[in-house]
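Here are the chains, one letter per residue:
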There are 2 protein chains.
Amino acid sequence: MRSSPVPDIVVGRLPLYLRALAQMQAEGKEITSSQELGERLGISSAQIRKDLSQFGEFGKQGTGYNIGYLSDQLKGILKVDRVWDVVLVGVGDLGRALANYGGFLDRGFRIRSIFDNDPKKIGKQAGGFTIQNAADLDKQIQAAGIQVAMLAVPSDEAQGAADRLVEAGIRAILNYAPTSLSVPTSVRVEYIDPVLHLQHMTYHLP
Amino acid sequence: MRSSPVPDIVVGRLPLYLRALAQMQAEGKEITSSQELGERLGISSAQIRKDLSQFGEFGKQGTGYNIGYLSDQLKGILKVDRVWDVVLVGVGDLGRALANYGGFLDRGFRIRSIFDNDPKKIGKQAGGFTIQNAADLDKQIQAAGIQVAMLAVPSDEAQGAADRLVEAGIRAILNYAPTSLSVPTSVRVEYIDPVLHLQHMTYHLP
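Every value quoted in this text rests on a predicted model; they were computed, and no experiment measured them.

Draft legend 1. Region of interest: the pattern of salt bridges. Applying the stated rule across the entire model yields 26 salt bridges over all chains. Measuring nitrogen to oxygen at the nearest pair gives 3.0 Å for the salt bridge that ties A:D85 to A:R112. Note that A:D85 is positioned in strand β4 (residues 84–89) and A:R112 in strand β5 (residues 109–116), a separation of 27 residues in sequence. In this structure A:D85 comes out as buried when scored by relative accessible area, which is 17%. One continuous salt-bridge network, built from bridges that share partners, spans A:R19, A:R107 and B:D193.

Listed below in C-alpha coordinates is the structure:
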(Lines give C-alpha, C1' and ligand atoms only; values in the text may rest on other atoms or scores of the structure.)
Protein backbone atom coordinates (compact mmCIF):
# COMPACT_ATOMS: atom_id res chain seq x y z
CA MET A 1 0.00 0.00 0.00
CA ARG A 2 1.48 3.34 -0.96
CA SER A 3 1.34 6.29 1.39
CA SER A 4 0.06 9.07 -0.90
CA PRO A 5 -3.73 9.34 -0.77
CA VAL A 6 -5.76 7.35 -3.26
CA PRO A 7 -8.58 9.38 -4.89
CA ASP A 8 -11.75 8.90 -2.90
CA ILE A 9 -13.69 7.90 -6.00
CA VAL A 10 -11.33 4.93 -6.39
CA VAL A 11 -11.79 3.95 -2.74
CA GLY A 12 -15.54 4.13 -3.31
CA ARG A 13 -15.31 1.44 -6.01
CA LEU A 14 -13.49 -1.09 -3.84
CA PRO A 15 -16.66 -2.11 -1.94
CA LEU A 16 -18.28 -2.81 -5.33
CA TYR A 17 -15.39 -5.05 -6.32
CA LEU A 18 -15.54 -6.82 -2.97
CA ARG A 19 -19.28 -7.40 -3.35
CA ALA A 20 -18.85 -8.87 -6.82
CA LEU A 21 -16.04 -11.14 -5.59
CA ALA A 22 -18.24 -12.40 -2.74
CA GLN A 23 -20.93 -13.19 -5.26
CA MET A 24 -18.43 -15.12 -7.39
CA GLN A 25 -17.25 -17.04 -4.32
CA ALA A 26 -20.85 -17.93 -3.53
CA GLU A 27 -21.08 -19.31 -7.07
CA GLY A 28 -18.06 -21.51 -6.37
CA LYS A 29 -15.62 -19.66 -8.59
CA GLU A 30 -11.96 -19.39 -7.59
CA ILE A 31 -10.35 -17.29 -10.30
CA THR A 32 -11.56 -14.18 -12.06
CA SER A 33 -10.24 -11.49 -14.37
CA SER A 34 -10.60 -7.74 -14.66
CA GLN A 35 -12.68 -8.45 -17.80
CA GLU A 36 -15.14 -10.63 -15.94
CA LEU A 37 -15.37 -8.26 -12.98
CA GLY A 38 -15.86 -5.40 -15.40
CA GLU A 39 -18.70 -7.12 -17.20
CA ARG A 40 -20.51 -7.80 -13.95
CA LEU A 41 -20.14 -4.24 -12.77
CA GLY A 42 -20.40 -2.24 -15.98
CA ILE A 43 -16.91 -0.83 -15.40
CA SER A 44 -14.08 -1.14 -17.92
CA SER A 45 -11.44 -3.76 -17.21
CA ALA A 46 -8.75 -1.08 -17.62
CA GLN A 47 -10.38 0.98 -14.88
CA ILE A 48 -10.48 -2.01 -12.55
CA ARG A 49 -6.80 -2.85 -13.16
CA LYS A 50 -5.86 0.79 -12.61
CA ASP A 51 -7.90 1.05 -9.41
CA LEU A 52 -6.43 -2.13 -7.93
CA SER A 53 -2.89 -1.19 -8.92
CA GLN A 54 -3.14 1.78 -6.57
CA PHE A 55 -3.11 -0.67 -3.67
CA GLY A 56 -0.67 -3.34 -4.82
CA GLU A 57 -0.17 -6.30 -7.14
CA PHE A 58 -3.05 -8.71 -6.76
CA GLY A 59 -2.85 -10.80 -9.90
CA LYS A 60 -0.49 -11.93 -12.61
CA GLN A 61 -0.82 -10.94 -16.25
CA GLY A 62 -2.66 -13.73 -18.00
CA THR A 63 -3.61 -15.78 -14.93
CA GLY A 64 -6.17 -13.41 -13.45
CA TYR A 65 -7.04 -12.88 -9.82
CA ASN A 66 -7.44 -15.48 -7.11
CA ILE A 67 -10.85 -14.50 -5.78
CA GLY A 68 -10.25 -15.52 -2.17
CA TYR A 69 -6.92 -13.74 -2.01
CA LEU A 70 -8.09 -10.53 -3.68
CA SER A 71 -11.17 -10.54 -1.49
CA ASP A 72 -9.10 -10.84 1.67
CA GLN A 73 -6.80 -8.06 0.51
CA LEU A 74 -9.72 -5.74 -0.21
CA LYS A 75 -11.26 -6.52 3.18
CA GLY A 76 -7.99 -5.53 4.80
CA ILE A 77 -7.76 -2.31 2.82
CA LEU A 78 -11.36 -1.37 3.64
CA LYS A 79 -10.83 -2.48 7.26
CA VAL A 80 -13.72 -4.92 7.13
CA ASP A 81 -11.48 -7.86 8.03
CA ARG A 82 -12.99 -7.10 11.44
CA VAL A 83 -16.57 -6.39 12.58
CA TRP A 84 -17.58 -2.82 13.36
CA ASP A 85 -20.28 -2.13 15.91
CA VAL A 86 -22.91 0.28 14.63
CA VAL A 87 -25.66 2.23 16.35
CA LEU A 88 -28.93 2.88 14.56
CA VAL A 89 -30.77 6.07 15.44
CA GLY A 90 -34.41 6.39 14.41
CA VAL A 91 -36.73 3.39 14.24
CA GLY A 92 -39.43 4.41 11.78
CA ASP A 93 -40.23 2.19 8.79
CA LEU A 94 -36.76 2.56 7.39
CA GLY A 95 -34.98 2.08 10.72
CA ARG A 96 -37.05 -1.04 11.22
CA ALA A 97 -36.00 -2.35 7.80
CA LEU A 98 -32.36 -1.72 8.70
CA ALA A 99 -32.74 -3.43 12.09
CA ASN A 100 -34.19 -6.46 10.29
CA TYR A 101 -31.62 -6.52 7.50
CA GLY A 102 -29.51 -9.66 7.63
CA GLY A 103 -26.79 -8.53 5.26
CA PHE A 104 -24.54 -6.50 7.54
CA LEU A 105 -22.63 -9.06 9.58
CA ASP A 106 -20.84 -11.00 6.86
CA ARG A 107 -19.73 -7.71 5.30
CA GLY A 108 -18.12 -6.24 8.40
CA PHE A 109 -20.87 -4.58 10.44
CA ARG A 110 -23.08 -5.47 13.39
CA ILE A 111 -25.87 -3.31 14.72
CA ARG A 112 -25.18 -3.04 18.41
CA SER A 113 -28.11 -0.93 19.65
CA ILE A 114 -31.07 0.91 18.18
CA PHE A 115 -32.50 4.17 19.52
CA ASP A 116 -35.55 6.35 19.17
CA ASN A 117 -36.87 9.35 21.07
CA ASP A 118 -40.55 8.35 20.80
CA PRO A 119 -41.78 7.18 24.24
CA LYS A 120 -44.28 4.89 22.47
CA LYS A 121 -41.42 3.03 20.76
CA ILE A 122 -38.88 2.85 23.58
CA GLY A 123 -38.82 -0.64 25.08
CA LYS A 124 -40.52 -2.24 22.05
CA GLN A 125 -38.77 -4.74 19.79
CA ALA A 126 -37.48 -4.29 16.24
CA GLY A 127 -35.38 -6.81 14.38
CA GLY A 128 -34.41 -8.63 17.56
CA PHE A 129 -33.35 -5.41 19.31
CA THR A 130 -35.05 -3.56 22.12
CA ILE A 131 -35.54 0.06 21.10
CA GLN A 132 -33.64 2.22 23.55
CA ASN A 133 -34.13 5.77 24.70
CA ALA A 134 -32.20 8.20 22.48
CA ALA A 135 -31.34 10.09 25.66
CA ASP A 136 -28.94 7.24 26.47
CA LEU A 137 -27.12 7.39 23.12
CA ASP A 138 -24.08 9.26 24.34
CA LYS A 139 -23.15 7.08 27.27
CA GLN A 140 -23.66 3.84 25.34
CA ILE A 141 -21.54 5.01 22.42
CA GLN A 142 -18.82 6.14 24.77
CA ALA A 143 -18.91 3.02 26.92
CA ALA A 144 -18.64 0.72 23.91
CA GLY A 145 -16.29 2.94 21.90
CA ILE A 146 -18.58 2.81 18.86
CA GLN A 147 -17.48 4.85 15.84
CA VAL A 148 -20.12 4.12 13.21
CA ALA A 149 -23.78 5.21 13.15
CA MET A 150 -26.75 4.93 10.81
CA LEU A 151 -29.13 7.87 11.02
CA ALA A 152 -32.74 7.25 10.01
CA VAL A 153 -34.54 10.12 11.72
CA PRO A 154 -36.77 12.77 10.10
CA SER A 155 -34.93 15.54 8.22
CA ASP A 156 -35.56 18.20 10.83
CA GLU A 157 -34.01 16.06 13.55
CA ALA A 158 -30.99 14.89 11.56
CA GLN A 159 -28.54 17.71 12.32
CA GLY A 160 -29.29 17.65 16.05
CA ALA A 161 -28.87 13.90 16.18
CA ALA A 162 -25.64 14.10 14.18
CA ASP A 163 -24.25 16.71 16.58
CA ARG A 164 -24.91 14.40 19.52
CA LEU A 165 -23.41 11.40 17.75
CA VAL A 166 -20.23 13.31 16.92
CA GLU A 167 -20.00 14.64 20.45
CA ALA A 168 -20.24 11.07 21.76
CA GLY A 169 -17.39 9.87 19.55
CA ILE A 170 -18.99 8.70 16.30
CA ARG A 171 -16.63 9.13 13.34
CA ALA A 172 -18.71 7.80 10.43
CA ILE A 173 -22.41 8.50 9.79
CA LEU A 174 -24.58 6.91 7.15
CA ASN A 175 -27.38 9.45 6.82
CA TYR A 176 -30.76 8.40 5.42
CA ALA A 177 -32.41 11.75 6.10
CA PRO A 178 -32.62 13.75 2.84
CA THR A 179 -30.59 16.63 4.16
CA SER A 180 -26.91 17.55 4.19
CA LEU A 181 -25.19 17.41 7.58
CA SER A 182 -22.59 19.80 8.88
CA VAL A 183 -19.91 17.90 10.80
CA PRO A 184 -16.22 18.41 11.67
CA THR A 185 -13.78 17.40 8.94
CA SER A 186 -12.64 14.46 11.08
CA VAL A 187 -16.09 12.86 10.66
CA ARG A 188 -17.15 11.05 7.46
CA VAL A 189 -20.73 11.26 6.25
CA GLU A 190 -22.30 9.26 3.45
CA TYR A 191 -25.81 9.81 2.21
CA ILE A 192 -28.56 7.52 1.06
CA ASP A 193 -31.38 9.40 -0.63
CA PRO A 194 -33.30 7.49 -3.30
CA VAL A 195 -34.49 10.66 -5.02
CA LEU A 196 -30.91 11.70 -5.81
CA HIS A 197 -30.52 8.44 -7.74
CA LEU A 198 -33.92 8.70 -9.42
CA GLN A 199 -33.19 12.24 -10.59
CA HIS A 200 -29.80 11.16 -11.86
CA MET A 201 -31.51 8.53 -14.00
CA THR A 202 -34.32 10.73 -15.35
CA TYR A 203 -31.69 13.06 -16.75
CA HIS A 204 -30.86 10.28 -19.17
CA LEU A 205 -34.44 9.33 -20.05
CA PRO A 206 -35.94 10.66 -23.27
CA MET B 1 -27.51 23.32 -22.89
CA ARG B 2 -24.60 22.11 -24.98
CA SER B 3 -24.83 19.00 -27.05
CA SER B 4 -21.60 17.18 -26.14
CA PRO B 5 -22.15 14.83 -23.23
CA VAL B 6 -21.57 16.11 -19.72
CA PRO B 7 -19.57 13.70 -17.53
CA ASP B 8 -21.95 11.51 -15.58
CA ILE B 9 -20.28 12.37 -12.30
CA VAL B 10 -21.24 16.01 -12.91
CA VAL B 11 -24.84 15.03 -13.68
CA GLY B 12 -24.86 13.06 -10.45
CA ARG B 13 -24.12 16.20 -8.44
CA LEU B 14 -27.03 18.21 -9.87
CA PRO B 15 -29.62 16.46 -7.66
CA LEU B 16 -27.50 17.40 -4.63
CA TYR B 17 -27.51 21.03 -5.69
CA LEU B 18 -31.24 20.91 -6.30
CA ARG B 19 -31.85 19.44 -2.86
CA ALA B 20 -29.75 22.11 -1.17
CA LEU B 21 -31.59 24.85 -3.10
CA ALA B 22 -34.96 23.42 -2.02
CA GLN B 23 -33.76 23.51 1.56
CA MET B 24 -32.71 27.15 1.18
CA GLN B 25 -36.09 28.00 -0.33
CA ALA B 26 -37.79 26.35 2.63
CA GLU B 27 -35.71 28.63 4.85
CA GLY B 28 -37.05 31.65 2.95
CA LYS B 29 -33.80 32.52 1.17
CA GLU B 30 -33.91 33.96 -2.35
CA ILE B 31 -30.27 34.38 -3.35
CA THR B 32 -27.29 32.12 -2.82
CA SER B 33 -23.70 31.78 -3.98
CA SER B 34 -21.44 28.96 -5.03
CA GLN B 35 -19.60 29.56 -1.73
CA GLU B 36 -22.73 29.07 0.36
CA LEU B 37 -23.84 26.02 -1.64
CA GLY B 38 -20.35 24.61 -1.34
CA GLU B 39 -20.29 25.00 2.42
CA ARG B 40 -23.61 23.21 2.79
CA LEU B 41 -22.51 20.34 0.59
CA GLY B 42 -18.84 20.01 1.38
CA ILE B 43 -17.98 20.68 -2.28
CA SER B 44 -15.65 23.47 -3.40
CA SER B 45 -17.29 26.59 -4.84
CA ALA B 46 -15.04 26.27 -7.90
CA GLN B 47 -16.38 22.79 -8.54
CA ILE B 48 -19.96 24.00 -8.28
CA ARG B 49 -19.36 26.89 -10.68
CA LYS B 50 -17.63 24.55 -13.11
CA ASP B 51 -20.41 21.96 -12.90
CA LEU B 52 -23.17 24.51 -13.48
CA SER B 53 -21.28 26.19 -16.33
CA GLN B 54 -21.58 22.94 -18.30
CA PHE B 55 -25.30 23.62 -18.58
CA GLY B 56 -25.47 27.37 -19.04
CA GLU B 57 -25.13 30.74 -17.32
CA PHE B 58 -27.22 30.76 -14.17
CA GLY B 59 -25.79 33.66 -12.18
CA LYS B 60 -23.81 36.85 -12.55
CA GLN B 61 -20.34 37.36 -11.10
CA GLY B 62 -20.79 39.09 -7.75
CA THR B 63 -24.56 38.85 -7.49
CA GLY B 64 -24.89 35.11 -6.93
CA TYR B 65 -27.69 32.80 -7.98
CA ASN B 66 -31.42 33.41 -7.78
CA ILE B 67 -32.48 30.26 -5.94
CA GLY B 68 -35.91 29.93 -7.56
CA TYR B 69 -34.52 30.42 -11.05
CA LEU B 70 -31.56 28.07 -10.63
CA SER B 71 -33.83 25.50 -9.03
CA ASP B 72 -36.25 25.63 -11.97
CA GLN B 73 -33.41 25.31 -14.44
CA LEU B 74 -31.97 22.28 -12.66
CA LYS B 75 -35.42 20.67 -12.52
CA GLY B 76 -35.67 21.13 -16.28
CA ILE B 77 -32.22 19.66 -16.89
CA LEU B 78 -32.94 16.66 -14.66
CA LYS B 79 -36.43 16.34 -16.19
CA VAL B 80 -38.13 16.57 -12.81
CA ASP B 81 -40.13 19.62 -13.87
CA ARG B 82 -42.72 16.89 -14.39
CA VAL B 83 -43.84 13.95 -12.23
CA TRP B 84 -42.64 10.45 -13.13
CA ASP B 85 -44.75 7.44 -12.28
CA VAL B 86 -42.78 4.72 -10.54
CA VAL B 87 -43.52 1.08 -9.79
CA LEU B 88 -42.22 -0.50 -6.62
CA VAL B 89 -41.45 -4.21 -6.75
CA GLY B 90 -41.00 -6.06 -3.46
CA VAL B 91 -42.90 -5.09 -0.33
CA GLY B 92 -40.76 -6.37 2.52
CA ASP B 93 -39.67 -4.02 5.31
CA LEU B 94 -37.78 -1.82 2.93
CA GLY B 95 -40.48 -1.76 0.26
CA ARG B 96 -42.96 -0.84 2.95
CA ALA B 97 -40.74 2.03 4.08
CA LEU B 98 -40.54 3.26 0.48
CA ALA B 99 -44.32 2.97 0.02
CA ASN B 100 -44.78 5.08 3.15
CA TYR B 101 -42.12 7.65 2.28
CA GLY B 102 -43.64 11.08 1.74
CA GLY B 103 -40.66 12.71 0.08
CA PHE B 104 -41.03 11.56 -3.53
CA LEU B 105 -43.81 13.71 -4.96
CA ASP B 106 -42.39 17.19 -4.50
CA ARG B 107 -39.12 16.00 -6.04
CA GLY B 108 -40.59 14.60 -9.24
CA PHE B 109 -41.75 11.05 -8.51
CA ARG B 110 -44.98 9.32 -7.62
CA ILE B 111 -45.31 5.66 -6.75
CA ARG B 112 -48.05 4.41 -8.99
CA SER B 113 -48.35 0.75 -7.96
CA ILE B 114 -46.61 -1.68 -5.64
CA PHE B 115 -46.11 -5.37 -6.32
CA ASP B 116 -45.09 -8.53 -4.54
CA ASN B 117 -45.17 -12.21 -5.44
CA ASP B 118 -46.09 -13.42 -1.93
CA PRO B 119 -49.74 -14.61 -1.92
CA LYS B 120 -49.95 -13.62 1.76
CA LYS B 121 -49.15 -9.99 0.88
CA ILE B 122 -51.15 -9.56 -2.32
CA GLY B 123 -54.31 -7.57 -1.64
CA LYS B 124 -52.99 -6.14 1.65
CA GLN B 125 -52.27 -2.45 2.17
CA ALA B 126 -48.92 -0.68 2.45
CA GLY B 127 -48.48 3.09 2.53
CA GLY B 128 -51.94 3.68 1.09
CA PHE B 129 -51.40 1.24 -1.78
CA THR B 130 -52.93 -2.17 -2.32
CA ILE B 131 -50.16 -4.68 -2.90
CA GLN B 132 -50.67 -6.18 -6.35
CA ASN B 133 -49.69 -9.49 -7.83
CA ALA B 134 -46.24 -9.33 -9.40
CA ALA B 135 -47.63 -11.48 -12.21
CA ASP B 136 -49.50 -8.37 -13.39
CA LEU B 137 -46.41 -6.17 -13.49
CA ASP B 138 -45.91 -6.30 -17.23
CA LYS B 139 -49.33 -5.32 -18.38
CA GLN B 140 -49.66 -2.49 -15.86
CA ILE B 141 -46.28 -1.03 -16.82
CA GLN B 142 -47.14 -1.27 -20.49
CA ALA B 143 -50.65 0.14 -20.09
CA ALA B 144 -49.44 3.15 -18.12
CA GLY B 145 -46.19 3.63 -20.08
CA ILE B 146 -44.15 3.62 -16.86
CA GLN B 147 -40.38 3.92 -17.28
CA VAL B 148 -39.05 4.01 -13.71
CA ALA B 149 -38.96 1.20 -11.13
CA MET B 150 -37.69 0.68 -7.61
CA LEU B 151 -36.59 -2.87 -6.91
CA ALA B 152 -36.67 -4.04 -3.29
CA VAL B 153 -36.76 -7.81 -3.68
CA PRO B 154 -34.31 -10.37 -2.21
CA SER B 155 -30.95 -10.61 -4.00
CA ASP B 156 -31.70 -13.94 -5.62
CA GLU B 157 -34.86 -12.59 -7.22
CA ALA B 158 -33.41 -9.28 -8.38
CA GLN B 159 -32.08 -10.28 -11.81
CA GLY B 160 -35.26 -12.10 -12.75
CA ALA B 161 -37.41 -9.17 -11.68
CA ALA B 162 -35.16 -6.74 -13.55
CA ASP B 163 -35.44 -8.82 -16.72
CA ARG B 164 -39.22 -8.65 -16.54
CA LEU B 165 -39.21 -4.91 -15.82
CA VAL B 166 -36.97 -4.23 -18.79
CA GLU B 167 -39.08 -6.46 -21.02
CA ALA B 168 -42.17 -4.49 -19.98
CA GLY B 169 -40.58 -1.16 -20.90
CA ILE B 170 -38.84 0.08 -17.74
CA ARG B 171 -35.81 2.24 -18.59
CA ALA B 172 -34.51 3.20 -15.13
CA ILE B 173 -34.18 0.88 -12.12
CA LEU B 174 -33.26 1.87 -8.61
CA ASN B 175 -32.02 -1.41 -7.18
CA TYR B 176 -32.00 -1.98 -3.41
CA ALA B 177 -30.93 -5.61 -3.66
CA PRO B 178 -27.21 -5.91 -2.89
CA THR B 179 -26.35 -7.41 -6.26
CA SER B 180 -25.28 -6.04 -9.63
CA LEU B 181 -27.84 -6.32 -12.41
CA SER B 182 -27.16 -7.13 -16.01
CA VAL B 183 -29.36 -5.01 -18.28
CA PRO B 184 -29.22 -3.69 -21.85
CA THR B 185 -27.17 -0.51 -22.28
CA SER B 186 -30.37 1.43 -22.97
CA VAL B 187 -31.46 0.86 -19.35
CA ARG B 188 -30.03 2.84 -16.41
CA VAL B 189 -29.50 1.17 -13.06
CA GLU B 190 -28.57 2.88 -9.81
CA TYR B 191 -27.81 1.00 -6.63
CA ILE B 192 -28.58 1.61 -3.00
CA ASP B 193 -26.60 -0.67 -0.72
CA PRO B 194 -25.80 0.71 2.74
CA VAL B 195 -22.82 -1.61 3.18
CA LEU B 196 -21.02 -0.07 0.19
CA HIS B 197 -21.19 3.29 1.97
CA LEU B 198 -20.22 1.87 5.35
CA GLN B 199 -17.18 0.13 3.86
CA HIS B 200 -16.20 3.31 2.06
CA MET B 201 -16.20 5.12 5.41
CA THR B 202 -14.32 2.48 7.41
CA TYR B 203 -11.45 2.78 4.92
CA HIS B 204 -10.90 6.24 6.39
CA LEU B 205 -11.27 5.28 10.05
CA PRO B 206 -8.13 4.76 12.12
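Draft legend 2. Inspection of the packing of helix α1 (residues 8–26) of chain A against helix α4 (residues 67–78) of chain A at higher detail. Residues and elements named next belong to chain A. Contact geometry of α1 with α4 gives a least axis separation of 10 Å together with a crossing angle of 145 degrees. Helix-helix and strand crossings are classified by hand; for α1 and α4 the assignment is left-handed. Contacts between α1 and α4 pair V11, L14, P15, Y17, L18, L21, M24 and Q25 from the former with I67, G68, L70, S71, L74, K75, I77 and L78 from the latter. For the contact of α1 with α4, the per-class residue count stands at 12 nonpolar, three polar and one charged.

Draft legend 3. Region of interest: the interface of chain B and chain A. At the interface, 58 residues of chain B touch 58 residues of chain A. Carbon and sulfur atoms supply 64% of the area that chain B and chain A bury against each other, a total of about 5600 Å² over both sides. On the chain B side of the interface with chain A, the three residues burying the most area are B:Q199, B:M201 and B:Y203, jointly 13% of the side's total. Between chain B and chain A we count 26 residue pairs in polar contact (both at pLDDT 80 or more) in total. Ranked by the residues each element gives to the side of chain B that touches chain A, the list is headed by helix α8 (residues 194–204) of chain B, at 11 residues.

Draft legend 4. Examining the confidence of the model for chain A more closely. Looking at chain A, the pLDDT average stands at 94 and 98% of residues meet or exceed 70. If you check the scores for this complex, the pTM reads 0.88 and the ipTM reads 0.95.

Draft legend 5. Here's a closer look at the relation of the copies chain B and chain A. Of the transformation placing chain B onto chain A, the axial shift is 0.0 Å and the rotation is 180 degrees, giving an RMSD of 0.0 Å. Viewed as a symmetry operation, the transformation between the two copies matches a two-fold axis. Measuring from the rotation axis to each C-alpha of chain B, the shortest distance belongs to B:L94, at 3.2 Å. Take the interface residues of chain B: 100% of them recur as interface residues in chain A, which is what a same-surface contact looks like.

Rules of the game
Residues numbered from 1 in each chain as written. Chains lettered and ligands numbered in written order. Predicted model: local features only at pLDDT ≥ 70, side-chain atom pairs only at ≥ 80, totals over all residues. Heavy atoms only, no water. Salt bridge = Lys/Arg side-chain N within 4 Å of Asp/Glu carboxyl O. Helix = DSSP H or I, 4+ residues; strand = E, 2+ residues; numbered from the N terminus. Buried < 20%, exposed > 50% of the residue type's maximum accessible area, 1.4 Å probe, protein only. Axes fitted to C-alpha atoms, helices over the stretch in contact; angles between N-to-C directions. Left-handed = near helix turned anticlockwise from the far one by under 90°. Contact = heavy atoms within 4.5 Å. Nonpolar A, V, L, I, M, F, W, Y, C, P; charged D, E, K, R; others polar. Buried area = accessible area lost by both parts, 1.4 Å probe. Polar contact = N/O pair within 3.5 Å; in protein donor to acceptor, adjacent residues only side chain to side chain. pLDDT = per-residue confidence, 0-100. Least-squares fit on C-alpha atoms with pLDDT ≥ 70 in both.

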